[in-house]
Structures are given as C-alpha cells and as structure tokens.
Amino acid sequence: MQHHAVLSALTTVWRSIPCSRSELNLDVVLSCGQSFRWKQINPSHWTGVLASQVWTLTQTDDHIWYTTYCLDGEENVDHVGLESQNMEPKQSATSAHRELKMERERRRCCKNTVDAEISCMGKTVTVNPSNNFIFVKSKKTEDDCDKVGRKKQDILMDYFQLNVELESLYKRWGKEDLHFRRVAQEFPGVRILRQDPTECFFSFICTSNNHISRIEGMIERLCKAFGKRLCQLDDAVYYSFPTLEALAAPDVEERLKNLGFGYRAKFVNQSAQTILEKHGYDWLVSLRCVPYEDARTMLRALPGVGAKVADCVCLMSLDKTEVVPVDTHVWQIAKRHYLPHLGSDNKTLTDRLYKEIGNYFHNLWGPYAGWAQSVLFCSDLKKFQSPKTDEVTRQKKRRKLY
C-alpha cells in the first residue's frame, strides 16, 4: 500500500519549483474555497487530484515541492527504491535528509548544471541542479524521467498561474487602495487557480447556500460515486472528477439526492445533459476564448447558474481575471470599507447591488480585479483570522449595539 508522502521523510521522490511565499501561499490558496479537493493530511502537506493524478504539495520559503503517486495497476518511475530500505523510518529519513543536505550544499558551490549522481541510503540518486528534483534510477532512462518531471512541472505552473508576477500586482493594488495594503501584509501570496472548467463549473453549482467544509464533503461523494478510482494512500481512496457523460446519466439526480445534494442534484444532472446535447464535450473549455460578458451569459443559461456561480467559473477556470464574484463576504467588505452608502438599508444582494459592487472593484483594481478580491475574501474568512482579529471584530460589534 502507498502512503501519504512527507517531505522531511524522503521516502519518495520530490521535485520542486522555485517560488517564494509572497508569490504563492499554499496553505491559504488550497483551502480558501477556490478548489474543494485538497486535503491537509499532514501539517502544510496538501494531497489532492489534479489532471487525473494524485499529488502531494508542500512549501518551503523559496520552493513549492511536489510528488505524485502510482495509479492503480501502474508503475511510477518516481517511486522505485527508497521505500524498500531495511531501516527504521526515523533512521532512514534522518540519514537521507543529512546526505541530501550535504549534497545540496555542495551543489550551491558548483555552477555545473549537468545531472550529478549521489548515494542516498545505498541507492544511486540523480540530482539535477537546474530542475531541482531528485529521483532514483530505474529501468527507464533518465531522459524519460526528465520528460515526466517537466510535464508535471508544466501542469503545476499552469494550475497556479505562476507566470503572473503576484508581488508586482500587490504593489499596484496597494498604491490605489489603502485598505488592501493593510490586508496584504497579513495575506501575501494569494493567487487564483486555473482549474479545469468542468470540475470548476460543477463544483460551484454545489456552493449555493453552502459553506466550504460541506462543499468539500459533497464533491468527495460526487467523485466517489461517479469518478474513476485512481489510487489509495493509507486509508484514503482518491478518485478522478466525473466526466460530463457520467453526470448526464438518467439516474444521477436520484443518486445525488441520496448523497445529500438536495435541490442541487437536479442542477448538476440537467446542466451536464444540456452541455452535451446543445454544446458538446469541449464547450466549457472553449469559453476561455470568448469575451467575459458572452461567457457569463451562456453560463447563466444553464440550470442552477446564477451571477455568482457564473462569475466564479469565469474567474477560476476561464481566464477572466477582471471578474469580481460578489458573495456575502465581498458584499460585507464593500459596505465596511468602500461603499458605506450601501449600509443597513440594503438587506438583500440584488442584481443592481451585485453589478455596482463588481464595477466598483473592477475600476479600482483593474484587469486583475478578481485576483485582488480574492485577497480580501480570504481575510474575511473566519478560519484565517487570528484571535486578535476576532477580538477586534467582537469589540466593534459591541460598540454598534450601544
């Protein structure tokens, strides 16, 4: 049986991408309600499914580290050798960590970018200084391993949109917005994921009148019922996200109701059927090439899709970086810090208010307004607020009562 990997143990192969915490805050981005399939199994180690592969991600000050796992019935070149050592786990991890640390120190003084071989726990390990990865030699050639590593790196680069320089955006937003500048000090590295449009769309249909932890449970049940089993790690089984065909089947609505989806069951099933019958399998991803207003209109024509769901899908999977989805959190932020005239007189978020708030933030923050909004959104989530912040909030509420 495979086990969830931990970077410090070095019982599996890890690769890395140079990336500072100011460019990506993994712990916040993977748990803030953009994607609902990442679980923190070990401290600051996130395991989830991406591109039909099971990954574990973690972070150091200047790198994102990642590893993947063998799918059921397959052999992964990354996972040959290290697990079979006849050493106690603690001793094995310590020895490997010490030897690899010594090798990294040696490589810092070496400008040669050719692969170097080192001995780790009696195994021959290849270290590539330029690509920041290690792997154990197996029957496959090093070129094959290198291609696999580069493909996986490309997947993560695209998923986290690491081509976007986040620090420069933070500086630009901070110059225009004093409140953002204050919040940004506590929430660096918050960026928007570039998700698969099908997974993003059906996940956000489930967000209506819901909260993050419950949504995560619903998506897990959805994948288990209609997705393909990928692998098992310890006692956790991971599944792919269901295909459109699987979600369009006649019995899906009833099965989803039995899984606790309520009224959302009908929307999931009917939307899948509508997409396949009227648009085709690749239609959702094709909306990346359509202007925002057109994409939004077409999404809203699907069952169960309102303004917020459509905007979340546009922002988080269709490359519409300027979009500002407005939910309760964003509405309250707007009233407290930007648009006080919205005040207590407005009890519900009407279409007019939704548009007014979205337009205001777009004009304030510019073409990446949706990214800036995500920083303030995260700051408003209770799970990310420090005890000091909670106390300040309570004091403000008490003052309002008198």
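Our subject is the structure that appears above.
Every residue gets a number counted from 1 within its own chain, in the order that chain's sequence is written. This being a predicted model, a pLDDT of at least 70 is required before a residue's local features are given, and a value of 80 or more before pairs of side-chain atoms are given or counted; all residues contribute to the totals for chains, interfaces and linings. Note: side-chain values were computed over all heavy atoms of the structure, leaving out hydrogens and water.

S.K.: How should helix H4 (residues 166–176) be read in this particular structure?
M.R.: Each turn of an α-helix holds 3.6 residues, which means side chains three or four residues apart point in the same direction. Exposure classes here rest on a 1.4 Å probe applied to the protein chains alone. A residue is buried below 20% of its type maximum, exposed above 50%, and partly exposed in between. Secondary structure counts use DSSP, requiring at least four H or I residues in a row for a helix and at least two E residues in a row for a strand, with both numbered from the N terminus. Every buried residue belonging to H4 is among Leu166, Leu169, Tyr170, Trp173 and Gly174, and all of these are buried. Down the axis of H4, the buried side of the element spans an arc of 135 degrees, and every buried residue falls inside it. For H4, the exposed residues lying more than 90 degrees away from the buried face are Lys171, Lys175 and Glu176. In this structure, the buried residues of H4 make contact with helix H5 (178–186), helix H15 (351–365) and helix H16 (369–380). Each direction from the helix axis to a C-beta atom contributes to the arc, which is the arc of those directions. Only heavy atoms matter for contacts: two residues are in contact if any of them lie within 4.5 Å across the pair.

S.K.: Please clarify how the environment of Ile275 should be interpreted in this entry.
M.R.: Relative to the helices and strands, Ile275 resides in helix H10 (residues 264–279). Taking relative accessible area as the criterion, Ile275 reaches 0% and is therefore assigned buried. A C-alpha to C-alpha distance of 8.2 Å links Ile275 and Leu302, two positions 27 residues apart in sequence. If we ignore the near neighbours within four places in the chain, the residues touching Ile275 are Phe201, Phe202, Leu244, Gly280, Trp283, Leu284 and Leu302.

S.K.: Whenever I open this one, the packing of aromatic side chains confuses me. Can you help?
M.R.: Aromatic rings considered in pairs are described by the distance between their centres and by the relative angle of their planes. Here is the rule: rings of Phe, Tyr and Trp (six-membered ring for Trp) pair when centre to centre is within 6.5 Å. Planes less than 30 degrees apart are stacked, more than 60 are edge-to-face, and the remainder are tilted. Enumeration over the complete set of coordinates arrives at 16 aromatic pairs. A ring pair is formed by Tyr159 and Phe160, whose centres lie 5.2 Å apart and whose planes are at 70 degrees; its orientation type is edge-to-face. In this structure Tyr159 comes out as buried when scored by relative accessible area, which is 5%. Relative accessible area serves as the criterion here: at 1%, Phe160 is assigned to the buried category. Considering the side-chain rings of Tyr360 and Phe361, the 5.6 Å spacing of their centres and the 70 degrees angle between planes classify their relative orientation as edge-to-face. Note on Tyr360: relative accessible area 29%, which makes it partly exposed. Residue class for Phe361 comes out buried when judged on its relative accessible area of 1%.

Geometry only, nothing functional implied.
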